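The lines below spell out each chain.
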Amino acid sequence: MAVVLPGSTAEVAAVVQYAHAQGIAMVPQGGHTGLCGGAVPDASGRQIILNLRRMRDILSIDTLEGTVTVQAGCRLADLQQAVEAKGWYFPLSLASAGECQIGGNLATNAGGHNVLRYGNVRELCRGLEVVLADGRVWSDLSGLPKNNSGYDLKQLFIGSEGTLGVITTAVLRLVRQPRQQLVALVPVPDIATALRLFGAINDEMGEALTAFELMSDFSMMLVARHFPEVVASLPLNSAWSVLVELSRPGTAEDLLSSFSGALDRSIGRTEMNDAVVARDLVQGSRLWAIRNAIPDAQRREGPSIKHDISLPRGQIAGFISELYPLLQDRCSGVRPCVFGHLGDGNLHFNLSAPSAGEAQDFVLQRERLERLVHDRVVAHGGSFSAEHGIGQLKRNEMARYKDEVTLDLMQRIKYALDPDNVMNPGKVLPDR
Ligand SMILES: Cc1cc2nc3c(=O)[nH]c(=O)nc-3n(C[C@H](O)[C@H](O)[C@H](O)COP(=O)(O)OP(=O)(O)OC[C@H]3O[C@@H](n4cnc5c(N)ncnc54)[C@H](O)[C@@H]3O)c2cc1C
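- An unreviewed UniProt entry annotates the protein chain as FAD-binding oxidoreductase originating from Candidatus Macondimonas diazotrophica.
- The heading Sequence similarities (unreviewed entry) in the UniProt record of the protein chain holds the text "Belongs to the FAD-binding oxidoreductase/transferase type 4 family."
- You can read under Cofactor (unreviewed entry) in the UniProt record for the protein chain the words "FAD".

Right under this line is the structure:
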(Lines give C-alpha, C1' and ligand atoms only; values in the text may rest on other atoms or scores of the structure.)
Protein backbone atom coordinates (compact mmCIF):
# COMPACT_ATOMS: atom_id res chain seq x y z
CA MET A 1 0.00 0.00 0.00
CA ALA A 2 2.79 2.40 0.92
CA VAL A 3 6.42 2.68 1.92
CA VAL A 4 6.87 4.78 5.06
CA LEU A 5 10.26 6.30 5.93
CA PRO A 6 10.09 7.51 9.55
CA GLY A 7 12.90 9.75 10.83
CA SER A 8 12.63 9.11 14.59
CA THR A 9 11.31 6.66 17.17
CA ALA A 10 8.38 9.02 17.80
CA GLU A 11 7.50 8.91 14.10
CA VAL A 12 7.72 5.11 14.03
CA ALA A 13 5.44 4.99 17.07
CA ALA A 14 2.92 7.38 15.45
CA VAL A 15 2.78 5.33 12.24
CA VAL A 16 2.46 2.04 14.12
CA GLN A 17 -0.26 3.43 16.40
CA TYR A 18 -2.23 4.62 13.38
CA ALA A 19 -1.78 1.38 11.40
CA HIS A 20 -2.71 -0.71 14.45
CA ALA A 21 -5.89 1.28 14.97
CA GLN A 22 -6.82 0.85 11.29
CA GLY A 23 -5.93 -2.87 11.26
CA ILE A 24 -3.23 -2.29 8.63
CA ALA A 25 -0.40 -4.83 8.64
CA MET A 26 3.20 -3.52 8.75
CA VAL A 27 6.40 -5.00 7.34
CA PRO A 28 9.57 -3.64 8.98
CA GLN A 29 12.37 -3.39 6.45
CA GLY A 30 16.08 -2.71 6.76
CA GLY A 31 18.60 -3.04 3.94
CA HIS A 32 16.47 -5.70 2.23
CA THR A 33 19.37 -8.17 2.06
CA GLY A 34 17.54 -10.93 3.94
CA LEU A 35 17.35 -14.14 1.94
CA CYS A 36 14.03 -15.55 3.18
CA GLY A 37 11.45 -12.93 2.15
CA GLY A 38 11.03 -11.59 5.71
CA ALA A 39 11.01 -7.94 4.61
CA VAL A 40 8.74 -8.51 1.61
CA PRO A 41 5.02 -7.69 1.93
CA ASP A 42 2.36 -10.12 0.73
CA ALA A 43 0.50 -9.60 -2.56
CA SER A 44 -2.67 -8.16 -0.99
CA GLY A 45 -1.69 -4.51 -1.48
CA ARG A 46 -2.96 -3.94 2.09
CA GLN A 47 0.41 -3.87 3.90
CA ILE A 48 2.80 -1.00 4.51
CA ILE A 49 6.57 -1.22 4.51
CA LEU A 50 8.31 0.59 7.37
CA ASN A 51 11.83 1.20 6.15
CA LEU A 52 14.22 2.67 8.73
CA ARG A 53 16.94 3.99 6.43
CA ARG A 54 16.46 7.62 7.55
CA MET A 55 17.21 6.59 11.16
CA ARG A 56 20.93 6.07 10.66
CA ASP A 57 22.61 8.14 13.40
CA ILE A 58 25.31 6.88 15.70
CA LEU A 59 24.08 8.44 18.93
CA SER A 60 27.08 7.88 21.21
CA ILE A 61 30.20 5.82 21.79
CA ASP A 62 30.91 5.02 25.44
CA THR A 63 34.62 4.28 25.68
CA LEU A 64 34.43 3.27 29.36
CA GLU A 65 31.73 0.65 28.75
CA GLY A 66 33.02 -0.22 25.26
CA THR A 67 29.59 0.25 23.69
CA VAL A 68 27.95 2.18 20.88
CA THR A 69 24.34 3.39 20.81
CA VAL A 70 23.03 3.47 17.27
CA GLN A 71 19.77 3.95 15.41
CA ALA A 72 18.42 0.83 13.72
CA GLY A 73 18.63 2.18 10.16
CA CYS A 74 22.42 2.64 10.27
CA ARG A 75 24.16 0.45 7.70
CA LEU A 76 26.51 -2.12 9.21
CA ALA A 77 29.48 -0.87 7.14
CA ASP A 78 28.88 2.73 8.31
CA LEU A 79 28.87 1.63 11.95
CA GLN A 80 32.06 -0.41 11.45
CA GLN A 81 33.85 2.57 9.88
CA ALA A 82 32.68 5.03 12.51
CA VAL A 83 33.89 2.94 15.46
CA GLU A 84 37.15 2.01 13.70
CA ALA A 85 37.92 5.71 13.33
CA LYS A 86 37.85 5.84 17.17
CA GLY A 87 40.11 2.79 17.61
CA TRP A 88 37.31 0.29 18.26
CA TYR A 89 35.98 -2.68 16.33
CA PHE A 90 32.42 -3.97 15.86
CA PRO A 91 32.98 -7.63 15.08
CA LEU A 92 29.80 -8.50 13.15
CA SER A 93 31.11 -9.30 9.66
CA LEU A 94 28.79 -10.07 6.72
CA ALA A 95 29.36 -9.85 2.96
CA SER A 96 26.19 -7.70 2.82
CA ALA A 97 27.62 -5.09 5.26
CA GLY A 98 27.38 -2.28 2.68
CA GLU A 99 23.59 -2.59 2.54
CA CYS A 100 22.19 -4.36 5.59
CA GLN A 101 21.11 -2.31 8.60
CA ILE A 102 21.68 -2.83 12.31
CA GLY A 103 17.91 -3.28 12.87
CA GLY A 104 17.83 -6.01 10.22
CA ASN A 105 20.92 -7.62 11.71
CA LEU A 106 19.28 -7.76 15.13
CA ALA A 107 15.90 -8.87 13.78
CA THR A 108 17.61 -11.82 12.04
CA ASN A 109 20.19 -12.45 14.78
CA ALA A 110 22.83 -12.22 12.05
CA GLY A 111 25.94 -14.40 12.27
CA GLY A 112 28.68 -14.12 9.66
CA HIS A 113 32.41 -14.76 9.62
CA ASN A 114 33.39 -13.96 13.20
CA VAL A 115 30.81 -15.92 15.22
CA LEU A 116 33.49 -18.34 16.40
CA ARG A 117 35.17 -15.67 18.47
CA TYR A 118 32.48 -13.06 19.14
CA GLY A 119 29.15 -14.89 18.80
CA ASN A 120 26.05 -13.91 16.81
CA VAL A 121 24.75 -10.35 17.07
CA ARG A 122 22.66 -11.55 20.04
CA GLU A 123 25.90 -11.85 22.00
CA LEU A 124 26.91 -8.33 20.96
CA CYS A 125 23.69 -6.61 21.99
CA ARG A 126 23.49 -4.84 25.36
CA GLY A 127 20.19 -2.98 24.96
CA LEU A 128 17.27 -2.23 22.66
CA GLU A 129 14.48 0.21 22.05
CA VAL A 130 11.46 -1.25 20.26
CA VAL A 131 8.13 0.13 19.04
CA LEU A 132 5.54 -2.50 19.94
CA ALA A 133 2.66 -3.60 17.69
CA ASP A 134 0.23 -1.18 19.40
CA GLY A 135 2.59 1.80 19.08
CA ARG A 136 3.93 1.85 22.66
CA VAL A 137 7.70 2.22 23.04
CA TRP A 138 9.65 -0.30 25.12
CA SER A 139 13.13 0.91 25.96
CA ASP A 140 16.10 -0.58 27.75
CA LEU A 141 19.15 1.32 26.56
CA SER A 142 21.08 1.25 29.85
CA GLY A 143 23.73 -1.00 28.25
CA LEU A 144 24.47 -2.66 31.61
CA PRO A 145 26.65 -5.75 31.26
CA LYS A 146 24.86 -7.30 34.25
CA ASN A 147 21.15 -6.91 34.84
CA ASN A 148 19.16 -9.79 36.29
CA SER A 149 16.00 -7.86 37.14
CA GLY A 150 13.47 -10.20 35.56
CA TYR A 151 13.05 -11.48 32.00
CA ASP A 152 15.65 -10.32 29.50
CA LEU A 153 13.08 -8.89 27.06
CA LYS A 154 15.55 -7.76 24.40
CA GLN A 155 16.27 -11.41 23.61
CA LEU A 156 12.66 -11.84 22.47
CA PHE A 157 13.01 -9.23 19.76
CA ILE A 158 16.43 -10.38 18.55
CA GLY A 159 15.83 -12.98 15.83
CA SER A 160 12.06 -12.35 15.72
CA GLU A 161 12.27 -11.05 12.12
CA GLY A 162 10.00 -8.06 12.70
CA THR A 163 7.06 -10.15 13.93
CA LEU A 164 7.03 -8.73 17.49
CA GLY A 165 7.92 -5.06 17.04
CA VAL A 166 10.09 -2.53 15.22
CA ILE A 167 13.63 -2.18 16.58
CA THR A 168 14.53 1.53 16.55
CA THR A 169 17.75 1.85 18.60
CA ALA A 170 20.38 -0.54 19.98
CA VAL A 171 23.31 -0.54 22.37
CA LEU A 172 26.04 -2.78 20.98
CA ARG A 173 29.23 -4.11 22.48
CA LEU A 174 32.55 -3.08 20.90
CA VAL A 175 35.94 -4.72 21.17
CA ARG A 176 39.44 -3.37 20.72
CA GLN A 177 40.85 -3.66 17.21
CA PRO A 178 42.80 -6.91 16.87
CA ARG A 179 46.52 -6.10 16.68
CA GLN A 180 48.02 -8.92 14.62
CA GLN A 181 46.06 -10.73 11.97
CA LEU A 182 46.88 -13.76 9.84
CA VAL A 183 44.76 -15.00 6.92
CA ALA A 184 45.57 -18.26 5.16
CA LEU A 185 44.02 -20.45 2.50
CA VAL A 186 44.69 -24.13 3.13
CA PRO A 187 43.77 -26.86 0.62
CA VAL A 188 42.52 -30.06 2.28
CA PRO A 189 41.50 -33.39 0.74
CA ASP A 190 38.39 -33.92 2.88
CA ILE A 191 36.21 -32.52 5.66
CA ALA A 192 37.78 -34.78 8.28
CA THR A 193 41.18 -33.16 7.59
CA ALA A 194 39.63 -29.69 7.69
CA LEU A 195 38.16 -30.47 11.10
CA ARG A 196 41.46 -31.90 12.33
CA LEU A 197 43.07 -28.58 11.47
CA PHE A 198 40.24 -26.76 13.21
CA GLY A 199 40.76 -28.90 16.34
CA ALA A 200 44.52 -28.26 16.36
CA ILE A 201 44.17 -24.49 15.99
CA ASN A 202 41.41 -24.42 18.57
CA ASP A 203 43.48 -26.41 21.06
CA GLU A 204 46.62 -24.38 20.63
CA MET A 205 45.40 -20.89 19.82
CA GLY A 206 41.68 -21.03 20.80
CA GLU A 207 41.03 -17.35 21.49
CA ALA A 208 42.89 -16.23 18.37
CA LEU A 209 40.64 -18.06 15.91
CA THR A 210 38.23 -15.54 14.37
CA ALA A 211 37.09 -17.37 11.24
CA PHE A 212 37.28 -20.86 9.78
CA GLU A 213 35.53 -20.99 6.42
CA LEU A 214 35.08 -23.95 4.10
CA MET A 215 34.94 -23.81 0.29
CA SER A 216 34.36 -26.77 -2.01
CA ASP A 217 36.36 -27.06 -5.23
CA PHE A 218 33.13 -26.44 -7.20
CA SER A 219 32.39 -23.21 -5.31
CA MET A 220 35.94 -21.96 -6.02
CA MET A 221 35.71 -23.04 -9.64
CA LEU A 222 32.56 -20.91 -9.99
CA VAL A 223 34.48 -17.90 -8.66
CA ALA A 224 37.31 -18.66 -11.11
CA ARG A 225 34.82 -18.90 -13.97
CA HIS A 226 32.79 -15.79 -13.22
CA PHE A 227 35.37 -13.60 -11.45
CA PRO A 228 38.76 -14.79 -12.78
CA GLU A 229 40.49 -11.66 -11.43
CA VAL A 230 39.53 -12.64 -7.84
CA VAL A 231 41.09 -16.09 -7.86
CA ALA A 232 44.17 -15.00 -9.85
CA SER A 233 46.91 -17.61 -9.78
CA LEU A 234 45.79 -19.73 -6.84
CA PRO A 235 46.01 -23.52 -7.19
CA LEU A 236 42.54 -25.07 -7.49
CA ASN A 237 43.31 -28.75 -7.31
CA SER A 238 42.03 -29.97 -3.96
CA ALA A 239 38.50 -31.12 -3.13
CA TRP A 240 38.12 -28.53 -0.36
CA SER A 241 39.87 -25.42 0.95
CA VAL A 242 39.62 -23.65 4.26
CA LEU A 243 40.11 -19.97 4.85
CA VAL A 244 41.52 -19.39 8.32
CA GLU A 245 41.68 -16.04 10.08
CA LEU A 246 43.57 -15.56 13.34
CA SER A 247 44.05 -12.41 15.33
CA ARG A 248 45.65 -11.60 18.67
CA PRO A 249 48.13 -9.26 20.33
CA GLY A 250 51.84 -10.05 19.91
CA THR A 251 54.12 -10.17 16.91
CA ALA A 252 53.26 -11.34 13.39
CA GLU A 253 56.13 -13.89 13.62
CA ASP A 254 54.64 -15.46 16.79
CA LEU A 255 51.27 -15.80 15.11
CA LEU A 256 52.75 -17.36 11.98
CA SER A 257 54.88 -19.76 13.97
CA SER A 258 51.91 -20.97 16.10
CA PHE A 259 49.80 -21.39 12.95
CA SER A 260 52.52 -23.34 11.13
CA GLY A 261 52.91 -25.59 14.18
CA ALA A 262 49.16 -26.34 14.21
CA LEU A 263 49.22 -27.05 10.47
CA ASP A 264 52.18 -29.36 10.80
CA ARG A 265 50.69 -31.33 13.69
CA SER A 266 47.24 -31.69 12.15
CA ILE A 267 47.46 -32.12 8.41
CA GLY A 268 51.07 -32.80 7.47
CA ARG A 269 53.65 -31.49 5.07
CA THR A 270 52.01 -31.89 1.66
CA GLU A 271 49.02 -29.68 2.32
CA MET A 272 51.18 -27.33 4.34
CA ASN A 273 53.31 -26.64 1.30
CA ASP A 274 50.23 -25.70 -0.69
CA ALA A 275 48.85 -23.34 1.96
CA VAL A 276 48.82 -19.67 0.98
CA VAL A 277 49.54 -17.33 3.90
CA ALA A 278 48.78 -13.66 3.34
CA ARG A 279 51.74 -11.43 4.09
CA ASP A 280 49.70 -8.35 4.87
CA LEU A 281 46.14 -7.03 5.20
CA VAL A 282 45.84 -6.39 1.45
CA GLN A 283 46.73 -9.98 0.60
CA GLY A 284 44.41 -11.14 3.40
CA SER A 285 41.51 -9.22 1.92
CA ARG A 286 42.25 -10.81 -1.49
CA LEU A 287 41.83 -14.24 0.06
CA TRP A 288 38.59 -13.13 1.69
CA ALA A 289 37.42 -11.81 -1.68
CA ILE A 290 37.37 -15.39 -3.00
CA ARG A 291 35.10 -16.53 -0.19
CA ASN A 292 32.87 -13.47 -0.49
CA ALA A 293 32.50 -13.85 -4.28
CA ILE A 294 30.94 -17.32 -4.08
CA PRO A 295 27.25 -16.23 -3.72
CA ASP A 296 27.54 -13.87 -6.72
CA ALA A 297 29.44 -16.42 -8.78
CA GLN A 298 26.73 -18.98 -8.10
CA ARG A 299 24.06 -16.46 -9.09
CA ARG A 300 25.85 -15.87 -12.40
CA GLU A 301 25.96 -19.59 -13.01
CA GLY A 302 22.15 -19.66 -12.93
CA PRO A 303 19.30 -20.31 -10.47
CA SER A 304 20.09 -22.57 -7.55
CA ILE A 305 18.40 -24.24 -4.60
CA LYS A 306 19.84 -22.89 -1.37
CA HIS A 307 20.09 -24.41 2.08
CA ASP A 308 21.47 -22.64 5.13
CA ILE A 309 22.09 -25.46 7.58
CA SER A 310 23.99 -26.17 10.77
CA LEU A 311 25.20 -29.46 12.17
CA PRO A 312 27.27 -30.61 15.13
CA ARG A 313 30.82 -30.39 13.72
CA GLY A 314 31.42 -34.09 14.29
CA GLN A 315 28.47 -34.97 12.01
CA ILE A 316 29.47 -32.89 8.98
CA ALA A 317 31.75 -35.37 7.19
CA GLY A 318 29.18 -38.19 7.58
CA PHE A 319 26.33 -35.94 6.48
CA ILE A 320 28.11 -34.94 3.28
CA SER A 321 29.29 -38.41 2.33
CA GLU A 322 25.79 -39.77 2.92
CA LEU A 323 23.97 -36.98 1.06
CA TYR A 324 26.06 -36.62 -2.11
CA PRO A 325 25.11 -40.06 -3.56
CA LEU A 326 21.47 -39.62 -2.49
CA LEU A 327 21.34 -36.32 -4.37
CA GLN A 328 22.82 -37.88 -7.50
CA ASP A 329 20.28 -40.63 -7.20
CA ARG A 330 17.38 -38.17 -7.15
CA CYS A 331 18.81 -35.68 -9.63
CA SER A 332 21.61 -37.00 -11.77
CA GLY A 333 24.38 -34.48 -12.40
CA VAL A 334 23.28 -32.00 -9.68
CA ARG A 335 26.25 -29.82 -8.63
CA PRO A 336 26.46 -29.13 -4.87
CA CYS A 337 28.07 -25.76 -4.16
CA VAL A 338 29.06 -26.14 -0.53
CA PHE A 339 30.76 -23.36 1.44
CA GLY A 340 30.36 -21.51 4.69
CA HIS A 341 31.27 -21.14 8.30
CA LEU A 342 32.67 -24.61 9.06
CA GLY A 343 33.96 -23.43 12.44
CA ASP A 344 30.34 -22.79 13.50
CA GLY A 345 29.06 -26.00 11.91
CA ASN A 346 27.11 -23.74 9.49
CA LEU A 347 27.19 -24.58 5.78
CA HIS A 348 25.56 -23.02 2.76
CA PHE A 349 24.64 -26.28 1.11
CA ASN A 350 23.50 -24.91 -2.25
CA LEU A 351 22.64 -26.92 -5.32
CA SER A 352 23.30 -25.81 -8.89
CA ALA A 353 21.55 -27.39 -11.87
CA PRO A 354 23.37 -30.24 -13.69
CA SER A 355 24.08 -27.71 -16.43
CA ALA A 356 23.23 -24.05 -16.89
CA GLY A 357 20.77 -24.96 -19.68
CA GLU A 358 18.72 -27.15 -17.32
CA ALA A 359 18.27 -24.54 -14.60
CA GLN A 360 14.57 -23.79 -15.11
CA ASP A 361 13.51 -27.46 -14.90
CA PHE A 362 15.90 -27.97 -12.02
CA VAL A 363 14.35 -25.36 -9.73
CA LEU A 364 10.98 -27.09 -10.11
CA GLN A 365 12.51 -29.87 -8.03
CA ARG A 366 13.11 -27.49 -5.14
CA GLU A 367 10.63 -29.03 -2.73
CA ARG A 368 11.79 -32.61 -3.33
CA LEU A 369 15.49 -31.77 -2.95
CA GLU A 370 14.91 -29.47 0.01
CA ARG A 371 13.04 -32.26 1.77
CA LEU A 372 15.92 -34.67 1.19
CA VAL A 373 18.53 -32.23 2.49
CA HIS A 374 16.55 -31.01 5.50
CA ASP A 375 15.47 -34.53 6.53
CA ARG A 376 19.13 -35.60 6.56
CA VAL A 377 20.13 -32.45 8.45
CA VAL A 378 17.59 -33.12 11.17
CA ALA A 379 18.51 -36.83 11.30
CA HIS A 380 22.10 -35.72 12.03
CA GLY A 381 20.98 -33.45 14.88
CA GLY A 382 21.18 -30.19 12.90
CA SER A 383 19.03 -27.18 12.02
CA PHE A 384 17.41 -26.26 8.69
CA SER A 385 18.06 -22.56 9.34
CA ALA A 386 21.42 -21.53 10.76
CA GLU A 387 21.63 -17.80 10.12
CA HIS A 388 19.27 -16.50 7.44
CA GLY A 389 16.10 -17.02 9.45
CA ILE A 390 12.67 -18.22 8.39
CA GLY A 391 10.84 -15.32 6.71
CA GLN A 392 8.24 -16.65 4.30
CA LEU A 393 10.43 -19.28 2.68
CA LYS A 394 10.87 -21.70 5.56
CA ARG A 395 7.53 -21.51 7.36
CA ASN A 396 6.64 -25.01 6.13
CA GLU A 397 9.88 -26.31 7.58
CA MET A 398 8.91 -24.81 10.95
CA ALA A 399 5.67 -26.79 10.83
CA ARG A 400 7.48 -29.96 9.83
CA TYR A 401 10.52 -29.95 12.09
CA LYS A 402 9.70 -27.91 15.19
CA ASP A 403 8.03 -29.78 18.00
CA GLU A 404 4.53 -28.94 19.19
CA VAL A 405 5.57 -27.38 22.48
CA THR A 406 8.10 -25.06 20.83
CA LEU A 407 5.57 -23.92 18.24
CA ASP A 408 2.92 -23.42 20.91
CA LEU A 409 5.26 -21.24 23.00
CA MET A 410 6.21 -19.17 19.94
CA GLN A 411 2.55 -18.67 18.98
CA ARG A 412 1.70 -17.58 22.53
CA ILE A 413 4.52 -15.05 22.61
CA LYS A 414 3.41 -13.69 19.24
CA TYR A 415 -0.19 -13.43 20.45
CA ALA A 416 0.83 -11.76 23.73
CA LEU A 417 2.79 -9.04 21.92
CA ASP A 418 0.69 -8.71 18.79
CA PRO A 419 -2.84 -10.04 19.40
CA ASP A 420 -4.19 -8.37 16.24
CA ASN A 421 -1.43 -9.87 14.07
CA VAL A 422 -0.47 -6.60 12.41
CA MET A 423 3.29 -6.87 12.84
CA ASN A 424 4.80 -8.68 9.83
CA PRO A 425 2.06 -11.33 9.58
CA GLY A 426 2.72 -14.44 7.51
CA LYS A 427 6.37 -14.59 8.53
CA VAL A 428 8.28 -17.08 10.71
CA LEU A 429 5.32 -18.95 12.24
CA PRO A 430 3.34 -21.51 10.27
CA ASP A 431 -0.42 -20.95 9.95
CA ARG A 432 -2.25 -22.52 12.84
C1 LIG B 1 25.79 -11.41 -0.06
C2 LIG B 1 25.07 -11.70 1.21
C3 LIG B 1 25.76 -12.28 2.27
C4 LIG B 1 25.12 -12.56 3.48
N5 LIG B 1 25.85 -13.11 4.49
C6 LIG B 1 25.25 -13.35 5.65
C7 LIG B 1 25.99 -13.92 6.74
O8 LIG B 1 27.17 -14.24 6.62
N9 LIG B 1 25.35 -14.12 7.91
C10 LIG B 1 24.03 -13.80 8.08
O11 LIG B 1 23.51 -13.97 9.19
N12 LIG B 1 23.30 -13.29 7.07
C13 LIG B 1 23.87 -13.06 5.88
N14 LIG B 1 23.14 -12.53 4.85
C15 LIG B 1 21.70 -12.26 5.03
C16 LIG B 1 21.35 -10.82 5.46
O17 LIG B 1 22.34 -9.90 5.03
C18 LIG B 1 21.15 -10.73 6.97
O19 LIG B 1 20.06 -11.53 7.34
C20 LIG B 1 20.96 -9.29 7.49
O21 LIG B 1 21.04 -9.32 8.91
C22 LIG B 1 19.62 -8.68 7.07
O23 LIG B 1 19.64 -7.29 7.35
P24 LIG B 1 18.77 -6.25 6.51
O25 LIG B 1 18.91 -4.92 7.13
O26 LIG B 1 19.05 -6.36 5.08
O27 LIG B 1 17.29 -6.80 6.81
P28 LIG B 1 16.05 -6.99 5.82
O29 LIG B 1 16.37 -7.95 4.75
O30 LIG B 1 15.52 -5.68 5.41
O31 LIG B 1 15.02 -7.67 6.84
C32 LIG B 1 15.28 -8.95 7.37
C33 LIG B 1 14.20 -9.25 8.44
O34 LIG B 1 14.37 -8.37 9.55
C35 LIG B 1 13.18 -7.59 9.75
N36 LIG B 1 13.62 -6.22 10.10
C37 LIG B 1 14.45 -5.42 9.39
N38 LIG B 1 14.67 -4.27 10.05
C39 LIG B 1 13.94 -4.36 11.21
C40 LIG B 1 13.75 -3.51 12.33
N41 LIG B 1 14.34 -2.30 12.41
N42 LIG B 1 12.94 -3.92 13.33
C43 LIG B 1 12.34 -5.14 13.28
N44 LIG B 1 12.48 -5.98 12.25
C45 LIG B 1 13.28 -5.60 11.24
C46 LIG B 1 12.40 -7.67 8.44
O47 LIG B 1 11.01 -7.53 8.66
C48 LIG B 1 12.77 -9.06 7.95
O49 LIG B 1 11.96 -10.03 8.56
C50 LIG B 1 23.74 -12.26 3.62
C51 LIG B 1 23.04 -11.69 2.56
C52 LIG B 1 23.68 -11.42 1.37
C53 LIG B 1 22.89 -10.79 0.26
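Now that the structure is up, let's keep going.
**Topic: the side chain of Thr163**
Okay, so step 1: If you trace the backbone, Thr163 turns up in the loop between α6 (154-157) and β9 (165-173).
Okay, so step 2: Here the side chain of Thr163 touches Ser160 through a polar contact of 2.7 Å, landing on its backbone oxygen.
Okay, so step 3: Excluding anything up to four places from it in sequence, Thr163 contacts Lys414, Asp418, Met423, Asn424, Lys427 and Val428.

**Observations regarding the UniProt feature "domain: FAD-binding PCMH-type" (unreviewed entry) in the protein chain**
Okay, so step 1: As recorded in UniProt, the feature "domain: FAD-binding PCMH-type" (unreviewed entry) lies at residues 1-177.
Okay, so step 2: The distance separating the terminal C-alpha atoms of residues 1-177 is 44 Å; by composition the span is 23% helix and 27% strand.

**Focus on the site of the ligand**
Okay, so step 1: In the vicinity of the ligand there are 33 residues, among which Pro28, Gly30, Thr33, Gly34 and Ser96 approach most closely.
Okay, so step 2: One nitrogen or oxygen atom from the side chain of Ser96 is found 2.7 Å from an oxygen atom belonging to the ligand.
Okay, so step 3: Those elements that place two or more of their residues in the shell around the ligand are β2 (25-29), α3 (102-107) and β9.
Okay, so step 4: When grouped by side-chain class, the residues that make up the shell around the ligand number 11 nonpolar, 20 polar and two charged.

**With respect to the packing of aromatic side chains**
Okay, so step 1: A complete count under the given rule lists six aromatic pairs for this structure.
Okay, so step 2: Between Phe198 and Phe212, the aromatic rings sit 5.2 Å apart at their centres with planes inclined by 70°, giving edge-to-face as the arrangement. Note that Phe198 is positioned in helix α7 (residues 191-205) and Phe212 in strand β12 (residues 209-216), a separation of 14 residues in sequence. Accessibility assignment for this pair places Phe198 and Phe212 in one class, buried.
Okay, so step 3: With a centroid separation of 5.6 Å and an interplanar angle of 70°, the aromatic rings of Phe319 and Phe349 are classed as edge-to-face. Residue Phe319 is found in helix α13 (residues 316-330), and its partner Phe349 is found in strand β18 (residues 346-352); the two are separated by 30 residues along the sequence. Across the pair, Phe349 and Phe319 agree in class, each one buried.
Okay, so step 4: When the ring centre of Trp88 is taken as reference, the NZ or CZ atom of Arg176 above it lies at 3.8 Å.

About the criteria used
Think of each chain on its own: its residues are numbered from 1, step by step along the sequence as written. Where totals are concerned, whole chains, interfaces and linings use all residues; where local detail is concerned, this predicted model gives features only for residues with pLDDT of at least 70, and gives and counts side-chain atom pairs only at 80 or more. Side-chain measures were taken over the full set of non-hydrogen atoms in the model, leaving aside hydrogen atoms and water. UniProt positions are given in the numbering used here, feature names are shortened, and annotations may be inferred rather than shown by experiment. For the purposes of this entry, the term helix denotes a DSSP run of H or I that reaches at least four residues, the term strand denotes a run of E that reaches at least two, and both are numbered from the N terminus. Polar contacts, as used here, are pairs of N or O atoms within 3.5 Å; protein pairs need one atom able to donate a hydrogen and one able to accept it. Residues neighboring in sequence count only if both atoms are side-chain atoms. Contacts: residue pairs with any heavy atoms within 4.5 Å of one another. One heavy atom within 4 Å of a molecule or strand is enough for the residue carrying it to be called near that molecule or strand. In this classification, the charged set is Asp, Glu, Lys and Arg, the nonpolar set is Ala, Val, Leu, Ile, Met, Phe, Trp, Tyr, Cys and Pro, and all remaining amino acids, among them Gly, are polar. Two rings from Phe, Tyr or Trp (for Trp, the six-membered ring) form a pair when their centres are within 6.5 Å of each other. A pair whose planes differ by under 30 degrees is stacked, one over 60 is edge-to-face, and the rest are tilted. Only protein chains enter the accessibility calculation, which uses a 1.4 Å probe. A residue is then buried if its area is under 20% of the maximum for its type, exposed if over 50%, and partly exposed in between. In this analysis the charged atom, NZ for Lys or CZ for Arg, is taken to sit over a ring once it is within 6 Å of the ring centre and within 35 degrees of the ring normal.

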